[in-house]
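Structural overview for review
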Amino acid sequence: MLYNDVELDSPPMFEIGTKVRIKKLIRNDGTFPGKEIGETLAKKGEVGYVVNIGTFLQRSYIYSVHFLYTGHIIGCRQKELEIV
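My aim in this report is to walk through the structure given alongside it, one point at a time. As the structure is a prediction and not an experimental result, all values here were calculated from the model. Residue positions within a chain follow its written sequence, with the count starting from 1. Since the coordinates come from a predicted model, pLDDT governs what is reported: local features require at least 70, and pairs of side-chain atoms require 80 or more to be given and counted, while whole-chain, interface and lining totals use all residues. Heavy atoms throughout the structure, all of them, feed into the side-chain values; hydrogens and water do not.

1. Regarding the packing of aromatic side chains
Selection rule: Two rings from Phe, Tyr or Trp (for Trp, the six-membered ring) form a pair when their centres are within 6.5 Å of each other. A pair whose planes differ by under 30 degrees is stacked, one over 60 is edge-to-face, and the rest are tilted. Secondary structure is summarised from DSSP: a helix means a run of H or I of at least four residues, a strand means a run of E of at least two, and numbering begins at the N terminus for each.
Counted by the stated rule, this structure contains 2 aromatic pairs. Their ring planes at 80 degrees and their centres at 5.1 Å tell us that F14 and Y63 sit as a pair that is edge-to-face. Here Y63 lies in strand β5 (residues 60-67) and F14 lies in the segment before β1 (19-22), a separation of 49 residues in the sequence. An aromatic cluster is present here, built from F14, Y61 and Y63 joined pairwise through their rings.

2. Structural notes on the sheet that holds strand β7 (residues 81-83)
Operational definition: Strands are labelled as partners when DSSP assigns at least two bridges between them. In this analysis, axes come from line fits to C-alpha atoms, helices being fitted only over the stretch in contact, and the angle between any two N-to-C directions falls in the range 0 to 180 degrees.
If you trace the 5 strands from one edge of the open sheet to the other, you get β6-β5-β4-β1-β7, paired in antiparallel fashion. What marks the edges here is a single partner per strand, and that holds for β6 (73-76) and β7. Going from strand to strand, the sheet's axes swing by 45 degrees on average, the running direction of each strand aside. Pairing of β5 with β6 involves 4 bridges; the strand directions are antiparallel. Opposite S64, over in β6, you have G75 as the bridge partner.

3. As for a nonpolar patch on the surface
Selection criterion: By definition, no residue in a patch forms a salt bridge, and every one has over 30% relative accessible area; like charges are joined within 9 Å, nonpolar side chains (Val, Leu, Ile, Met, Phe, Trp, Tyr) within 5 Å. The accessible surface values rely on the Shrake-Rupley method and a 1.4 Å probe; as for residues, cover is taken only from the protein chains in view. Salt bridge, as used here: a side-chain nitrogen of Lys or Arg that lies within 4 Å of a carboxyl oxygen of Asp or Glu. Working definition: with a 1.4 Å probe on protein chains only, accessible area under 20% of the residue-type maximum means buried, over 50% means exposed, and in between means partly exposed.
Taken together, the side chains of Y49, V51, L68 and I73 define a hydrophobic patch exposed on the protein surface, amounting to about 350 Å² of accessible area. Within the secondary structure, V51 sits in strand β4 (residues 47-56). The partly exposed category is assigned to V51, whose relative accessible area is 39%.

4. Notes on the pairing of β1
Only one face of β1 is covered, namely the one carrying V20 and I22; the face carrying K19 and R21 has none of its residues buried. Relative to β7, β1 runs antiparallel, the two being bridged by 3 bridges. By the bridge assignment, I22 is partnered in β7 with L81.

5. Focus on the nonpolar core
Let me state the cut-off plainly: Here, the term nonpolar core denotes a set of buried Ala, Val, Leu, Ile, Met, Phe, Trp, Tyr and Cys residues that are joined through side-chain atoms within 4.5 Å.
Membership of the largest hydrophobic core comes to 15 residues, with the highest contact counts inside it found for Y63, V65, F67, I74, C76 and L81. Of all the secondary-structure elements, those providing two or more residues to this core are β1, β3 (40-42), β5 and β6.

6. Points about unusual backbone geometry
For L57, which is not glycine, the phi dihedral falls at a positive 55 degrees. Mapping L57 onto the fold places it in the loop between β4 and β5. The phi dihedral of Q58 falls on the positive side, at around 55 degrees, and the residue is not glycine. Looking at the secondary structure, you find Q58 in the loop between β4 and β5.

7. Some words on the pattern of salt bridges
Counting across every chain of the model gives 3 salt bridges. Here E82 and R21 are joined by a salt bridge, their closest N and O atoms 3.2 Å apart. Linking E82 in strand β7 with R21 in strand β1, this pair joins segments that are 61 residues apart in sequence. With relative accessibility at 29%, the residue R21 sits in the partly exposed group. K24 is paired through a salt bridge with E80; the nearest N and O atoms lie 3.9 Å apart. With K24 in the loop between β1 and β2 (26-27) and E80 in the loop between β6 and β7, this pair connects stretches of sequence that are 56 residues apart. Judged by relative accessible area, which is 12%, E80 ranks as buried.

Written out as C-alpha cells, the structure reads:
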C-alpha cells in the first residue's frame, strides 16, 4: 500500500470470525496494558480469530485478533495477517 492509498476505500480483507495467522513477531509498542514495552505479544505463525474490525487514522483497517495460545487480543494490520 502506498502512502496515498486509503485502505478504507475497499471492504475489509478479513471478516469477523476469520481464522488468521500472524506473519511476523508482534511486540508491545506501549499500547498493550500489563506488558512491558518490547515484550512479545504474538510469535510468527500463531493462529487466532478476528473478533473486531476498527480503523486507524481514517486510512487503514485494524483487525482485533484473539490469539488462542496466549489469550491476547491484539490489533493487527492487514499486511501482518494471512488467512488460515
